[in-house]
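Okay, here's what each chain looks like letter by letter:
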Amino acid sequence: MRSTPRPGAVGSTVRRGLVAAAVLALGATAAVATATSASAAVACKVNYSASEWQGGMSANLTIQNLGDALNNWTLTFTFPNSSQKVSQGWSGNWSQSGSNVTVTAMDWNKSLANGGSTSIGFNGSWSGSNPAPTDFKINGVACNGTTPVSPSPPISPSPQVSPSSQVSPSPGTSPSASPSPAVSPSSSPPPPGEHVDNPYVGATGYVNPDWSASAKSEPGGSRVANISTAVWLDRIAAITSGSAGNNSKGLRDHLDEAVKQDAANGDTPLTIQVVIYDLPNRDCSALASNGELKIAQNGLARYKSEYIDVIAGIMADSKYSNLRIVTIIEPDSLPNLITNVNAFQACQEAQSSGAYVQGVQYALNKLHAIKNVYTYVDAAHHAWLGWDNNFQPMVNLFHQVATGTTAGVNSIDGFIVNTANFGATVEPYFTINSTPGGQSVRQSKWVDWNWYVDEQSFAVGLRNALVAKGFPNTIGMLIDTSRNGWGGSARPTKASTATNPDTFVNESRIDRRIHAGNWCNQSGAGMGERPKANPTAGLDAYVWIKPPGESDGSSSAIDNDEGKGFDRMCDPTYTGNSLNGNNMSGALGGAPVSGHWFSAQFQQLMQNAYPPLS
Ligand code: BGC
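Residues numbered from 1 in each chain as written. Predicted model: local features only at pLDDT ≥ 70, side-chain atom pairs only at ≥ 80, totals over all residues. Heavy atoms only, no water.

Below, the discussion takes up the overall build of the protein. Regarding its fold elements, the protein presents 14 helices and 19 strands. With an accessible surface of roughly 21200 Å², the protein has 52% of that area assigned to carbon and sulfur atoms. (Helix = DSSP H or I, 4+ residues; strand = E, 2+ residues; numbered from the N terminus. Areas by Shrake-Rupley, 256 points an atom, 1.4 Å probe, with all protein chains shown as cover.)

Below you can see the structure in the form of structure tokens.
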């Protein structure tokens, strides 16, 4: 990891297009049908909802099966206007002939039980007008019939896609409205091992002795060596003998040690964080954290039996039942299905085979079934998913993944943003509603029409949209704050007074990266907020998931037996590509392979910590 944020195959032209655009939420709800075919089996409803801007659109469709169980489905519809074209579809095989669109199911969503639904979508183009199609058919049977059930409401728009918030961000109308409060923890301490709403509340964090030893080996490192960081299971062998780099403990060793730390801690429960990170075709849009399993080499089956089953078997051991075991599920994987399928063959394969979706669902099924295990699914970061054409498709995919698990939306306790990334938790000197010289900061090159300027507003906005989509109000968000402090001498101390949006943002932002798409070993970064429960409404915790000092990727090609490649985004001499606005990579030089100890980076992270280290 960590892949470049890619605002979708549609790219920056579309994002720019949004500015001039009157964005309409078409929100058409196709009517409900009863099948009249001989078998009388098919009855369906299709909700169609699109955001549009001049020349472009991003549409989401939910197919609901109101009839007998379907083993397979084909959706057809006709665009009313001959200029309307699908350019990129997801969660189905999309084709178009003239105005007729056909979508066949993927392996992983072809079965639809009675009452079941699946979400698919596309990005497309149009000219003249962009009316919503209405003649949806499933397996040739119209979904526009007569069954007198009340039509379901259009897909509820996230705060980001409401027409009013898109056209112009009026000051004071934050697109990230405050979330409805999560269920508050009960006042008397829950019995040990009970599945609580927020596993961080009232708990201490596990200190990984391996990371702690690395930290202590650095001058000044003992100041942070007792901070809780996550254990990464970054390959099958890590379950028994430790992850990449100099980590020597396997999962049982860590859990045994956690039981000891817990016992030494009186009645206070202990939370240990474990990163589940070995999907086949891992890190499909980048090279630095490619892994050992490949889809074409039976990787999904191996992931299930040699990785997830083994991990779940260990975590379910009753010796560990009083620990709160937080799992961070597969950084970058599902976000890559939203933005990187077109440009990267490995992501395409991850999507068309269903391996990412099925792998994550399998992990959720096994891990959620263990009472004291908590599941947090990775949701990338604001500079990856904060644009309309990525945001709602991501929400829809999360929902679809969850509803395909045994426990449905309840299989997910929450989501994490900024894993191993560098986005500021809060930009203190400007918000998305700032208007230097009367112009929106969204126009600046740095913000680039994103709807968010920092991770906390993104986490809260995402949570709102997920709850609106059907996740329970108990879901909580995490932010990885291990390397997003941005202290040191380059940190601004006040808002700029410039009236030019670019100058204003560049002088005000604490995130000092050259471009928000830069992700590898960022020069100038510092350790961020220390782990903390309940930092604000909707957030379960600030956490340190990426252990500071562990590299994101090597600065030049280095032979290794972990499947890791060389990604030029980790090379300080690289001048970039369209995905980071053709900017320098901003990476520190001299970096080892991802996961291995990088002393110079650790030193800089301490030096630029914010809040500063005492
Ligand atoms: C690497 C893993 C490592 C993790 C934590 C990832 O980028 O690919 O091998 O365990 O970072 O440092």
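Here the narrative resumes.
Right, let's talk about empty space enclosed by the protein for a bit. For the structure on display, the rule yields six cavities of 30 Å³ or more. In this structure, the largest cavity occupies an estimated 140 Å³ of space. Forming the walls of the largest cavity are 16 residues, and the residues nearest its centre are Trp232, Asp234, Lys546, Ser594 and Gly595. A class-by-class count of the residues in the lining of the largest cavity yields four nonpolar, six polar and six charged. Looking at the second largest cavity, its volume works out to about 60 Å³. In terms of lining, the second largest cavity is formed by Asn208, Ala230, Val231, Trp232, Ala238, Gly242, Ser243, Asn247, Lys249, His254, Pro547 and Glu550. In terms of residue class, the lining of the second largest cavity is made up of five nonpolar, five polar and two charged. (1 Å grid on protein atoms, 1.4 Å probe; cavity = no way out; pocket = protein on both sides within 12 Å on 5 of 7 lines; lining within 4 Å. Points joined across faces, edges and corners; volume = space filled by probe spheres on them. Nonpolar A, V, L, I, M, F, W, Y, C, P; charged D, E, K, R; others polar.)

Surveying the vicinity of the ligand reveals twelve residues, the closest of which are Asp234, Ser289, Lys546, Glu550 and Lys564. Taking aspartate 234, its side chain carries an N or O atom lying 2.5 Å from an oxygen atom of the ligand. Contact distances for the ligand include 3.1 Å between an oxygen atom and a side-chain N or O atom of serine 594. Taking 310 Å² as the accessible area of the ligand by itself, protein coverage stands at 100%. Of the pockets mapped on this structure, the ligand occupies the largest cavity. Residue composition of the shell around the ligand, grouped by class: five nonpolar, three polar and four charged. (Near = heavy atom within 4 Å. Polar contact = N/O pair within 3.5 Å; in protein donor to acceptor, adjacent residues only side chain to side chain. Sits in = over half its atoms within 2 Å of the grid points.)

Glancing now at the side chain of asparagine 65. Inspection of the secondary structure assignment puts asparagine 65 in strand β3 (residues 56–65). Reaching out from asparagine 65, the side chain makes a polar contact with the backbone oxygen of aspartate 68 at a distance of 2.9 Å. A distance of 2.9 Å separates a polar side-chain atom of asparagine 65 from the backbone oxygen of leucine 112. Other than its neighbours up to four places away in sequence, asparagine 65 contacts Ala43, Leu70, Leu112, Ala113, Asn114, Gly115 and Gly116. (Contact = heavy atoms within 4.5 Å.)

Turning our eyes to something else, we now look at the packing of helix α6 (residues 299–315) against helix α9 (residues 355–368). The contact between α6 and α9 brings their axes to 10 Å, and the two run at 20 degrees. In terms of orientation, α6 lies roughly parallel with respect to α9. Of the two elements, α6 crosses α9, and the hand of that crossing is right-handed. On the side of α6, the interface is formed by Leu300, Tyr303, Lys304, Ile308, Asp309, Ala312 and Met315, while α9 contributes Ala355, Gln358, Gly359, Tyr362, Ala363, Lys366 and Leu367. Here the residues of the contact of α6 with α9 sort into nine nonpolar, two polar and three charged. (Axes fitted to C-alpha atoms, helices over the stretch in contact; angles between N-to-C directions. Parallel < 35°, antiparallel > 145°, perpendicular 65-115°, else oblique. Left-handed = near helix turned anticlockwise from the far one by under 90°.)

What follows concerns the pattern of salt bridges. Pairs can form between side chains of opposite charge once their charged atoms are near each other. Throughout the structure, instances matching the rule amount to 14 salt bridges. The partner of aspartate 317 in a salt bridge is arginine 252, with the nearest N and O atoms 2.9 Å apart. With aspartate 317 in the loop between α6 and β14 (324–329) and arginine 252 in helix α5 (residues 251–263), this residue pair connects regions lying 65 residues apart in the sequence. Taken together, the salt bridges that share partners define one network made up of Arg483, Lys546 and Asp552. (Salt bridge = Lys/Arg side-chain N within 4 Å of Asp/Glu carboxyl O.)

Below, the discussion takes up the pairing of β3. Of all ten residues in β3, nine are buried, a share of seventy percent or more. In the sheet, β3 pairs with strand β8 (residues 117–125) via nine bridges, with the strands oriented antiparallel. Its bridge partner lying in β8, isoleucine 63 is registered against threonine 118. (Buried < 20%, exposed > 50% of the residue type's maximum accessible area, 1.4 Å probe, protein only. Pairing = 2+ DSSP bridges.)

Okay, the packing of aromatic side chains next. All told, the structure shown has 14 aromatic pairs when counted by the stated rule. Centre to centre, the rings of tyrosine 452 and phenylalanine 458 are 5.6 Å apart; their planes meet at 75 degrees, and the pair counts as edge-to-face. Both residues of the pair, tyrosine 452 and phenylalanine 458, count as buried. Put simply, the rings of Tyr48, Phe77, Phe79, Trp94 and Phe136 touch in pairs and so form one group of aromatic residues. The ring centre of tyrosine 610 lies 3.3 Å from the NZ or CZ of arginine 491, which sits over that ring. (Phe/Tyr/Trp six-rings, centres within 6.5 Å; stacked < 30°, edge-to-face > 60°. Lys NZ or Arg CZ within 6 Å of the ring centre and 35° of its normal.)

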